[in-house]
Amino acid sequence: MSRGYPFDKAATARAVIDDDGTLVEWNEGARRLLGHPAEAVVGRPATDLLTGPAPALPRGPQWHGTLALRHRDGHSVDVWLLARHHRAADGAGGRWTLVAPLTGTEPPAEDDPLAEAGLVQSPCAVAVYDEELRLRRMNDAMAALSGLPEEPARGLRLTELVEGPQSEELARGMREVLATGRPLDMQTFMRASGERRAHAWLARMAPVKDRAGRVRGVSLAAHDVSDNQRARQRLQLVNEASVRIGTTLDVTRTAQELADMCVPALADFVTIDLLDPEEYGGEPPSRVATPVTLRRAAHRSILEGVPEAVMKPGQTERYPAGSPQADSLTAGRTIIASKIAGDMGAWMNWNSARTRSVRLFGIHSAMSVPVLARGLTLGVAVFIRHRRPDGFDADDRMLAEEITTRAAVCIDNARRYSRERETALALQRSLLPRTLPHTAALEASSRYLPAARAGVGGDWFDLIPLSGLRVAMVVGDVVGHGIQASATMGRLRTAVRTLADIDLAPDELLTHLDDLVLRLAEEAGDGGAGVGATCLYAVYDPVSRTCTLARAGHPPPVLLPPGGRPHELELPAGPPLGLGGLPFESAQVRLAEGTVLALYTDGLVTSRERESDVGRGMLFEALGAHAGSLDASCDHILHTLLPSGGASDDVALLLARTQGLPASQVASWDVPADPALVGPIRKKAVEQLDVWGLNEATFTAELVVSELVTNAIRYGARPIRLRLIHDATTLTCEVSDTSPTAPHLRRAKTFDEGGRGLLLVAQLTQRWGSRHTAGGKTIWAELPLFEEDR
């Protein structure tokens, strides 16, 4: 027997027979065993070599047994054969490979070192191979593992006993042990005899030496480590699930992450169906009753496009009692069904579409796991197998429940966050103006976008009509996000409108607003660290075409003059609201008719990806590119500056185009401080209304002018001036004097001769009021103009 490499292939008899029973290969070892040369038997039926009846065709891919074969000289030879069937690559037909050992059929001698190595009674599978890697001994455990008896298999090589790349890998390891004399451990995956699932094996190879220390063979011990391997895989899967599931606060995304996590690691097809909280009063129930309506949140299949054949994400279905989904939810526990156990009927009988899918794809095992979190029932996860042959076992159940439980907490967190975000968004939108008022001074358009990830914040904008056809523009930003920031924004917006109604100058208004933020910080009780805001307040006068602005730590507006280029308006910075004790300054600029003002919050130009200077440059370019419709300009600006996934901070944007009031719609007169001259002034006002074609408003306007002028002459200070202004809908009467004392509305007693003037003005007009000016005060009243007035 040669001890060199490569091994002597003729030491094993080998023949190949196709499915028709014709011999197609015959090696030298087969000639030695039966004496027939290859040219005498190749191409002939294999049954010609039998001396007895042909054996029954085996039903599996492997067969072994003893056959009586005809020797060339005519006598019969009993030969033990190991046969394996190999299918062709195209699936059509195949061949049988037959091998029989020619040497090693005798047991080793007592002084042979190989005889001492076989632990026949050991529960560990042990086999001993000689220097040519031929089997010399194997114990009962190894025989059971390989499915071959020791006596007839003795003399076959490992690659002949076990076929496939695993045996080649083990053979290389055994050669290394023979060459180095050092033991070696290898891990491999092989299917034991009679098993459907491949097991993980730890192969421990050690050299077998004689008394002189020479390596005479290799001892191979196989340990089944499948349980440990599966335990490590499950632990790794659970750890990976804790990282991959719940990356966002989005219910659908989280459900999809659960489905993606489990395919193909745990199942071939996974569906996640969730309850609709609206059916239970807005909150998921602790228990459900059948029938139950579920909405498909996510699914994942090992086959592309297959799930859509039954149900798409977003669709709902009503599950009756007896369906695994409904039964699992009502019982609050996992339900496993399989064809082997005979309880797959519930999966097939209640829905015809699912019945067709079960039969089409060969679904044989299913597991329904309720999605439970914090005592609430959120939905159900269904795991299905149709490609892998084994069904779900207890370990699979524990793994599915562990992953689903972790995912359920993430889904519940996402659900709660979504509900809170929707509540905050609804509050935010209710506190913001639904529509902007139409005024003669400005054409305006606005946008508000909540943050994509941080949630609703405290950004706000407003457009407030003032007396004298003036308009106030406001943009502000409250620190933080959520309902608290929205509520603070609502309080500040209300305060701004209240302060604007008394016609405070922009710097004075911000001073009062700063005091309010300080009081809100004190009410917060945490040192005021979470309460703060910035604000920009501007007042535009269409008569003088001037705009007065002041800001409190807010970005200055961008100005686009007609025919010019956008640029930032230089304003005194001013401290953010809530610092206290620091003054605010205002600036006044004259604006040409058609000038566009862009007021915005810093979320529009600032982000993690770019600096604010870069964002402002992009804003200049986007604003200058659309000089037409303000609505189109708003959309273009947001599309240019904000990423497709949404902004990291909420954004408020207000665009306003100035409109001047023609001089022909304004008339003013100096009023002598003599009550006897009120009549001529009243006459001039009536004549002016006639020129404007507002004759229908003459009677009311005459009374209002008379009362306001008389009041100014009696209680005011010189000089006194009357001004009439009108646009398409309103006639404004203004009387100014240099006295700082403002009038107060009061009710005259029955026998009083005076005191009814302002009461009469209030009854005849739609609004009236007073505002302080640098040189005194102005009393104003607005009269509505109807279609017949114009």
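Residues numbered from 1 in each chain as written. Predicted model: local features only at pLDDT ≥ 70, side-chain atom pairs only at ≥ 80, totals over all residues. Heavy atoms only, no water.

Participant: Help me understand the overall build of the chain in this model?
Facilitator: Looking only at helices and strands, one finds 19 helices and 31 strands in the chain. Taking all 790 residues of the chain together, 47% fall into the buried category. Sequence-distant contacts, at least 24 apart, represent 61% of the contacts inside the chain between residues at least 6 apart. Here the chain has roughly 38,100 Å² of accessible surface; of this, 51% comes from carbon and sulfur atoms. (Helix = DSSP H or I, 4+ residues; strand = E, 2+ residues; numbered from the N terminus. Buried < 20%, exposed > 50% of the residue type's maximum accessible area, 1.4 Å probe, protein only. Contact = heavy atoms within 4.5 Å. Areas by Shrake-Rupley, 256 points an atom, 1.4 Å probe, with all protein chains shown as cover.)

Participant: What should I look at first to understand helix 8 (residues 251–262) in this one?
Facilitator: Spacing of three or four residues puts side chains on the same side of an α-helix, whose turn is 3.6 residues. The end-to-end C-alpha separation of helix 8 is 17 Å, in line with the 16 Å expected for 12 residues at 1.5 Å each. Those residues of helix 8 that fall on the buried side of the exposure criterion are Thr254, Ala255, Glu257, Leu258, Ala259, Met261 and Cys262. You can read the cap of helix 8 off the contacts: a side-chain oxygen lies 3.3 Å from the backbone nitrogen of Thr252, and it is on Asp250. (Expected span 1.5 Å × (residues − 1). Polar contact = N/O pair within 3.5 Å; in protein donor to acceptor, adjacent residues only side chain to side chain.)

Participant: Is there a simple way to explain a nonpolar patch on the surface in this structure?
Facilitator: On the surface, Phe699, Leu703, Leu760 and Leu764 cluster together to form a nonpolar patch covering roughly 330 Å² of accessible area. Secondary structure elements with two or more residues in the nonpolar patch: helix 18 (698–715) and helix 19 (757–764). Along the chain, Leu703 falls in helix 18. Residue Leu703 is classed as partly exposed on the basis of its relative accessible area, which comes to 30%. (Patch = residues over 30% accessible without salt bridge, like charges linked within 9 Å, V, L, I, M, F, W, Y side chains within 5 Å. Salt bridge = Lys/Arg side-chain N within 4 Å of Asp/Glu carboxyl O.)

Participant: Sorry if this is basic, but what is going on with the packing of helix 15 (residues 612–625) against helix 16 (residues 630–641) here?
Facilitator: Packed helices, taken two at a time, are described by the angle between their axes plus the distance between the axes. Close contact between helix 15 and helix 16 brings their axes to 9 Å; oriented N to C, the two are set at 145°. Here helix 15 runs over helix 16; the crossing is right-handed. Listed contacts from helix 16 to Gly615, Met618, Leu619, Ala622, Leu623 and Ala625 of helix 15 are His636, Ile637, Thr640 and Leu641. Here the residues of the contact of helix 15 with helix 16 sort into 7 nonpolar, 3 polar and no charged. (Axes fitted to C-alpha atoms, helices over the stretch in contact; angles between N-to-C directions. Left-handed = near helix turned anticlockwise from the far one by under 90°. Nonpolar A, V, L, I, M, F, W, Y, C, P; charged D, E, K, R; others polar.)

Participant: Can you help me understand the pattern of salt bridges in this one?
Facilitator: Where side chains of opposite charge bring their charged atoms close, a pairing between them can arise. Applying the stated rule across the entire model yields 40 salt bridges. Arg447 is paired through a salt bridge with Asp635; the nearest N and O atoms lie 3.0 Å apart. One end of the pair, Arg447, is in strand 17 (residues 442–449); the other, Asp635, is in helix 16, and 188 residues separate them in sequence. When its relative accessible area of 22% is taken as the criterion, Arg447 is described as partly exposed.

Participant: For this particular structure, what's the right way to read the sheet that holds strand 24 (residues 586–590)?
Facilitator: What links the strands of a sheet is backbone hydrogen bonding, and the strands pair in either a parallel or an antiparallel sense. Judged by pairing direction, the sheet is antiparallel, and its 5 strands sit side by side in the order 18-19-20-21-24 without closing on themselves. Each end of this open sheet is capped by a strand with a single partner; those strands are strand 18 (457–465) and strand 24. For this sheet the average axis-to-axis angle between neighbouring strands, irrespective of direction, equals 15°. Here strand 21 (residues 546–552) runs beside strand 24; their pairing, made up of 5 bridges, is antiparallel. The residue of strand 24 that forms the bridge with Cys547 is Val589. The strands touched by helix 13 (residues 483–501) are strand 18, strand 19 (471–481) and strand 20 (533–541); relative to strand 18, the strand with the most contacts, the crossing angle is about 20°. Packed on one face of the sheet, helix 14 (residues 506–524) meets strand 20, strand 21 and strand 24 and runs near 25° to strand 21. (Pairing = 2+ DSSP bridges.)

Participant: Which parts of the structure should I look at to understand the side chain of Thr658?
Facilitator: Counting through the fold element by element, Thr658 comes out in strand 26 (residues 651–658). If sequence neighbours within four positions are ignored, Thr658 has contacts with Ala441, Leu442, Tyr540, Leu591, Ala592, Glu593, Gly594 and Thr595.

Participant: What is the right way to look at the environment of Ala441 in this model?
Facilitator: In this fold, Ala441 is placed in the loop between helix 12 (394–431) and strand 17. In this structure the C-alpha to C-alpha distance between Ala441 and Arg470, which are 29 residues apart in sequence, comes to 6.5 Å. Other than its neighbours up to four places away in sequence, Ala441 contacts Leu469, Val471, Tyr540, Pro542, Arg657, Thr658 and Gln659.

Note that all results are geometric; they support no functional claim without further evidence.
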